[in-house]
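# Per-entry structural report
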Amino acid sequence: MTNDTLNLDPSDYIAIYPPIGIARVGNSMERGNDGWFYSPEEPLRDRKPDFSLNLKDSKSKVKRQAVKFKVYAFHQNGEPFREITYDKKYKVEWTVHRNLEPDNRNYLIIDPGRKAISGQNINSLSHQLCCEFQGSQTTAKDVYLGEIGTDENGRLIFLAGRGKAECVNPEINDVIHNDFNNEDWYNDTCDGRVSVEVTDVTDVTNKTMQVSLAHFPPFNLDGDVWVLGVGPKFSHDITPPVSLYDLIEDINQQKQHGPSASNYDIGIVKFNDHIEPILGRTVLTSWVNAAANRGHGVGGPGYFYNEQWSRLSTPPNDPNRLTYEEKVEEIPSSCVWKASLSKHRRLQGGTQWASFWVFHAPAVWEWRRCH
């Protein structure tokens with residue numbers, strides 16, 4: 001990939017993707033593909049599960065999930081026109097640092113400091129995120145939170161820690177007293193911000209572009225993106241019925257339209273894009289959760305892949321389409337549990353609204369006309 005034909009105008013801007021990168025810890029000490037794999041770069045509904053993915057190394061240690069960050073150029077109207085990579089025309093410099101919110105508990109903070117990296121194929125071993133944790137002790141403990149590197153195109157690669165948790169106080173004897181606050185304990189999960197600078201080295205003025213606040217909604221503090229170093233995921237292609245994207249979308253709608261879901265305006269509802277994925281994720285959860293299996297497993301009342309449920313996707317004028325009354329009659333009332341999310345989307349080609357609630361057991365739809 002080359003940037004020779006890419007010329008950025010003053011009105012253009014850049015942005016980093018993904019906006020939230022998910023890295024996962026693992027205790028494998030192997031390098032490269034033997035010790036880690038990359039996080040998915042597209043939604044599961046648009047790709048087939050990768051059953052060949054081996055989540056453990058040759059010693060049965062858990063591989064880490066690395067996340068790769070890219071920078072894209074956008075026109076002023078928000079239309080993306082290509083990815084920017086590191087080469088003889090553009091220098092791409094990445095910066096990673098923890099969340100810098102003020103805190104009066106500095107002795108509990110594990111901060112490796114601001115780390116910058118720029119170039120191609122940089123080995124992450126040379127850019128480790130190492131720091132110290134002291135707690136109540138007089139001597140600090142060395143802590144490894146991960147490392148950063150780049151690929152052949154200068155994209156940022158972030159690797160999380162090894163999944164280590166430890167107590168630095170020998171008098172406590174590694175006793176865990178509760179689920180959250182345990183004195184003098186630390187772990188190597190982490191989060192922080194990722195920023196980037198792109199410099200046109202062929203321009204005599206060395207024109208530099210940064211991710212700008214002006215091109216992001218007001219809830220984004222400064223245009224940077226986030227990286228999270230979290231725990232491993234052993235059922236890799238099984239996601240919760242309510243995804244992280246759903247939660248973020250819900251938060252964004254609340255900020256724009258208030259807490260009432262009836263005020264949400266998030267586009268046209270399409271069965272295959274918006275409803276079927278939730279039903280499918282609910283069925284997949286049955287493979288790892290006994291309660292979900294009772295309601296959504298094969299043969300259960302909420303098994304959404306049978307013929308009855310497939311009729312929900314039929315066009316409005318199709319004679320096989322279920323009416324609202326039929327849906328209520330055919331969905332067992334015992335399946336209606338406490339709602340965990342509410343969404344409102346405008347139906348394509350009309351003034352109707354579809355309101356659907358996602359339950360811990362099967363879902364119920366209500367169709368109503370807006371006035």
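Every value quoted in this text rests on a predicted model; they were computed, and no experiment measured them.

When helices and strands are counted, the chain shows five helices and 19 strands. For the chain, buried positions account for 42% of its 371 residues. Look at the contacts in the chain between residues 6 or more apart in sequence, and 63% of them connect residues 24 or more apart. In the form shown here, the chain has an accessible surface area of approximately 21100 Å², with 50% of it arising from carbon and sulfur atoms.

Turning our attention to empty space enclosed by the protein. This structure, assessed with the given rule, holds three cavities of 30 Å³ or more. As a volume, the largest cavity reaches approximately 70 Å³. Along the walls of the largest cavity sit Arg24, Val25, Phe37, Leu55, Val62, Lys63, Gln65, Pro232, Lys233 and Phe234, which together make up its complete lining. Residue composition of the lining of the largest cavity, grouped by class: six nonpolar, one polar and three charged.

Evaluated as defined, the whole model comprises four aromatic pairs. Arranged with centres 5.3 Å apart and planes meeting at 15°, the rings of Tyr13 and Phe74 form a pair that is stacked. Taken as a pair, Tyr13 in strand 1 (residues 13-17) and Phe74 in strand 4 (residues 64-74) lie far apart in primary sequence, 61 residues in all. The pair formed by Tyr13 and Phe74 is uniform in burial state, with each residue classed as buried. The structure contains a cluster of three or more aromatic residues connected by ring pairs, namely Tyr13, Tyr17, Tyr72 and Phe74. Just above the ring of Tyr38 sits the side chain of Lys68; from NZ or CZ to the centre is 4.3 Å.

This part is about the side chain of Asp151. Note that Asp151 resides in the loop between strand 9 (141-150) and strand 10 (156-159). On the accessibility criterion, Asp151 (4% relative accessible area) is buried. Polar contacts involving the side chain of Asp151 include one to the main-chain amide nitrogen of Asn153, which spans 2.9 Å. Excluding residues within four positions of it along the chain, Asp151 makes contact with Lys68, Gly119, Gln120, Asn121 and Ile157.

Counting across every chain of the model gives ten salt bridges. For Arg64, the salt bridge identified is with Glu147, shortest N-O distance 3.9 Å. Of this pair, Arg64 sits in strand 4 while Glu147 sits in strand 9, placing them 83 residues apart in sequence. Neither Arg64 nor Glu147 differs from the other in exposure class; each is buried.

Turning next to the nonpolar core. Phe69, Ile84, Trp94 and Phe158 are the most contacted members of the largest nonpolar core, which has 34 residues in total. Breaking this core down by element, the ones donating at least two residues are strand 1, strand 4, strand 6 (90-98), strand 8 (128-133), strand 9, strand 10, strand 13 (190-200) and strand 15 (225-230). Val269, Phe271, Ile275 and Leu279 belong to the second-largest nonpolar core, a separate cluster that totals six residues.

Where strand 4 and strand 5 (residues 80-84) come together, four bridges link them in antiparallel fashion. Bridge pairing in strand 5 places Val71 opposite Ile84. Linkage of strand 4 to strand 5, two consecutive antiparallel strands, is achieved through a turn of five residues, within which Gly78 is found at a positive phi near 90°.

Here Val242 lies in the loop between strand 15 and helix 1 (244-257). Its relative accessible area of 18% is what places Val242 among the buried residues. Residues Val242 and Ile278, spaced 36 residues apart in sequence, show a C-alpha to C-alpha distance of 7.0 Å.

Moving on, we come to helix 2 (residues 271-285). At 3.6 residues per turn, the α-helix brings residues three or four places apart onto the same side. With 15 residues, helix 2 should reach 21 Å at 1.5 Å per residue; the first-to-last C-alpha distance of 20 Å fits that figure. Taking the largest bend as the criterion, helix 2 deviates by roughly 30°, centred on Pro277. Among the 15 residues that make up helix 2, eleven are buried, leaving the element largely enclosed by the rest of the structure. Considered for burial, the residues of helix 2 that qualify are Phe271, His274, Ile275, Pro277, Ile278, Leu279, Gly280, Arg281, Thr282, Val283 and Thr285.

Let us look at the side chain of Thr282. Within the fold, Thr282 resides in helix 2. Classification of Thr282 by relative accessible area gives buried; the value is 6%. The contact partners of Thr282, leaving out residues within four places of it in the chain, are Pro241, His296 and Phe304.

What counts as what
Residues numbered from 1 in each chain as written. Predicted model: local features only at pLDDT ≥ 70, side-chain atom pairs only at ≥ 80, totals over all residues. Heavy atoms only, no water. Helix = DSSP H or I, 4+ residues; strand = E, 2+ residues; numbered from the N terminus. Buried < 20%, exposed > 50% of the residue type's maximum accessible area, 1.4 Å probe, protein only. Contact = heavy atoms within 4.5 Å. Areas by Shrake-Rupley, 256 points an atom, 1.4 Å probe, with all protein chains shown as cover. 1 Å grid on protein atoms, 1.4 Å probe; cavity = no way out; pocket = protein on both sides within 12 Å on 5 of 7 lines; lining within 4 Å. Points joined across faces, edges and corners; volume = space filled by probe spheres on them. Nonpolar A, V, L, I, M, F, W, Y, C, P; charged D, E, K, R; others polar. Phe/Tyr/Trp six-rings, centres within 6.5 Å; stacked < 30°, edge-to-face > 60°. Lys NZ or Arg CZ within 6 Å of the ring centre and 35° of its normal. Polar contact = N/O pair within 3.5 Å; in protein donor to acceptor, adjacent residues only side chain to side chain. Salt bridge = Lys/Arg side-chain N within 4 Å of Asp/Glu carboxyl O. Core = buried A, V, L, I, M, F, W, Y, C linked by side-chain atoms within 4.5 Å. Pairing = 2+ DSSP bridges. Expected span 1.5 Å × (residues − 1). Bend = angle between axes of the 7 residues up to and from the residue.

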